[in-house]
Amino acid sequence: MTSEDVERLLIQFQDEHGEVLGSPFDVPLDITPDKLQLVCNALLQKEEPVPLAFFVRGEAEVVSSLRSCVKALGVETEQVLPVVYQPQAVFRVRAVARCTSTLQGHTEAVISTSFSPTGKYLASGSGDTTVRFWDLTTETPHHTARGHTHWVLSITWSPDGKKLASGCKNSQICLWDPVTGTQIGKTLTGHTKWITWLSWEPLHLNPECRYLASSSKDCSVRIWDTVLGRCEKILTGHTQSVTCVKWGGDGLLYTSSQDRTVKVWRAKDGVQCRTLQGHAHWVNTLALSTDYVLRTGAFEPATATINPQDITGSLEELKEKALQRYNAVRSSAPERLVSGSDDFTLFLWNPAEDKKPLARMTGHSALVNEVLFSPDTRLLASASFDKSIKIWDGRTGKYLMSLRGHVASVYQVAWSADSRLLVSGSSDSTLKVWDIKTGKLNMDLPGHADEVYAVDWSPDGQRVASGGKDKCLRIWRR
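Everything in this summary refers to the structure shown in the same document. Worth saying up front: this structure is predicted, and the values here are computed from it rather than measured. (Residues numbered from 1 in each chain as written. Predicted model: local features only at pLDDT ≥ 70, side-chain atom pairs only at ≥ 80, totals over all residues. Heavy atoms only, no water.)

## Observations regarding the sheet that holds strand 21 (residues 261-266)
Right, on to step 1. Taken in spatial order, the four strands of this open sheet run 19-20-21-22, and their pairing is antiparallel. Two strands bound the open sheet, and with one partner strand each, they are strand 19 (242-247) and strand 22 (272-277). Strand-to-strand twist across the sheet, computed as the mean angle between neighbouring axes with direction ignored, equals 20°.
Right, on to step 2. Sheet analysis places strand 19 next to strand 20 (residues 252-257), joined by five bridges and oriented antiparallel. (Pairing = 2+ DSSP bridges. Helix = DSSP H or I, 4+ residues; strand = E, 2+ residues; numbered from the N terminus. Axes fitted to C-alpha atoms, helices over the stretch in contact; angles between N-to-C directions.)

Okay, here's the thing in structure tokens:
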């Protein structure tokens, strides 16, 4: 074959929602993603070209050249081929590679660990009844917050980063100030059994971060006014322990329970809108496609500096910025919800519009412990006691790949802010960093002396924190 008669075909660029870009375009079959990117950015006419990923017919990604995709899908080269382009994160988070600090202090297992929305503060909750705040510039203990009388099971930062809520096995909720380590207001009491999950009202709905939702083993969900320190509403309807509560960006609350259902509530008046049924066993965990943008509020990871700063600006500015970020992630469709269960399956829902699931995702051979949407909402990761992590398409629920390498149950996972990497913590005492594009192990991080219960990746991409049964908190960096 001479250089003149290279195989060519017509392609038609379109975005994720099916909007067509330009007219069909004649390209050689050997075209690489880099060349496609040049062509596509020229058609987009953006001032700053963005990194793009290309998918033939929206399913097979173009990795080496167009030819391999066409072959794999068995596509006719006579017809115009639709090629979907997806903008990728403009920044890149580097994989963590070493443990820079081992922070001792807790006298019992570390049950939860969480970075504040900008990555400036780190908090951990433990079986020793304390919440500890850690200074990240020096990687040393900062404050020990005492006030609980039993294991601290759940901690959650308010999306403005000014308060941390913690719930304990003694059914009390405390609020803490990360700067001083002191308690804000009085302890919120009312639940009769332990607290399973906490969720703040999103920043773009209320920039004061005033309301907090809590779920409990007492089968109820409560909404608290943290300024007045009292319970505003009690949502009852579940018949067994409520395992998780999520406060969505469109004014809905989502709760999962051991009664095998997921319920949808209106946050403003506490009315139950829907019950989502389908699971055959306890529902352990929920994830919203907008989780990451709700967690980070007005903070944009792409603009992160090496030394994390608090977010500054008036309440109105913060609200506006958070709303812009939320709308960009949510785009035209309402937020999606995924639930993971003891019946080894996951369900993908569109809870605002339908009580039937979009997809039932099967493949795990043990209970699903955690599910998490990637920050760009395109992918879903599920961690299971079958030692694997599975990656699914965040829109359709289609199975994409399994990440295998752990030799015991996987407890928790966390995405990097650019959605390219995933870190997992397991009862085999290691953390593993996975490259999602290749589905391969990027880094194996041994170091803990026992099971790793909690893991989090800071929104500014600088650090991973992990904690577990060996009572130590470890900080991992590049």
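## Quick look at helix 2 (residues 66-73)
Right, on to step 1. Here helix 2 has its buried residues at Leu-66, Cys-69 and Val-70. Buried residues of helix 2, seen end-on, are gathered within an arc of 100° and therefore sit on one face of the element. Away from the buried face of helix 2 by more than 90 degrees, exposed residues Lys-71 and Ala-72 are located.
Right, on to step 2. On its buried face, helix 2 sits against strand 1 (8-14), strand 2 (20-28), strand 3 (52-56), strand 4 (60-61) and strand 5 (81-87).
Right, on to step 3. Backbone geometry just after helix 2 places Gly-74 at a positive phi near 65°. (Buried < 20%, exposed > 50% of the residue type's maximum accessible area, 1.4 Å probe, protein only. Arc of directions from axis to C-beta. Contact = heavy atoms within 4.5 Å.)

## Notes on the nonpolar core
Right, on to step 1. Residues Leu-9, Ile-11, Phe-13, Phe-54 and Leu-66 are the most contacted members of the largest nonpolar core, which totals 23 residues.
Right, on to step 2. Among the secondary structure elements, those contributing two or more residues to this core are strand 1, strand 2, helix 1 (33-44), strand 3, helix 2 and strand 5.
Right, on to step 3. When residues no more than four places from it in sequence are discounted, the contact partners of Leu-66 are Leu-9, Ile-11, Val-27, Leu-29, Ile-31 and Val-56.
Right, on to step 4. Core analysis: the next-biggest nonpolar cluster, separate from the first, contains 17 residues, Ala-414, Leu-421, Val-455 and Trp-457 among them. (Core = buried A, V, L, I, M, F, W, Y, C linked by side-chain atoms within 4.5 Å.)

## Some remarks on the pattern of salt bridges
Right, on to step 1. All told, the structure shown has 19 salt bridges when counted by the stated rule.
Right, on to step 2. Here Arg-8 ties to Asp-26 by a salt bridge, and the two come within 2.8 Å at their closest N and O atoms. Residue Arg-8 is found in strand 1, and its partner Asp-26 is found in strand 2; the two are separated by 18 residues along the sequence.
Right, on to step 3. Under the relative-accessibility criterion, Arg-8 is labelled partly exposed at 46%.
Right, on to step 4. Taking relative accessible area as the criterion, Asp-26 reaches 39% and is therefore assigned partly exposed.
Right, on to step 5. Taking the shortest distance from any N to any O, the salt bridge between Asp-269 and Arg-266 comes out at 2.7 Å.
Right, on to step 6. Its relative accessible area of 31% is what places Arg-266 among the partly exposed residues.
Right, on to step 7. Beyond isolated ion pairs, a larger network of salt bridges with shared partners links Glu-16, Asp-376, Arg-378 and Arg-395. (Salt bridge = Lys/Arg side-chain N within 4 Å of Asp/Glu carboxyl O.)

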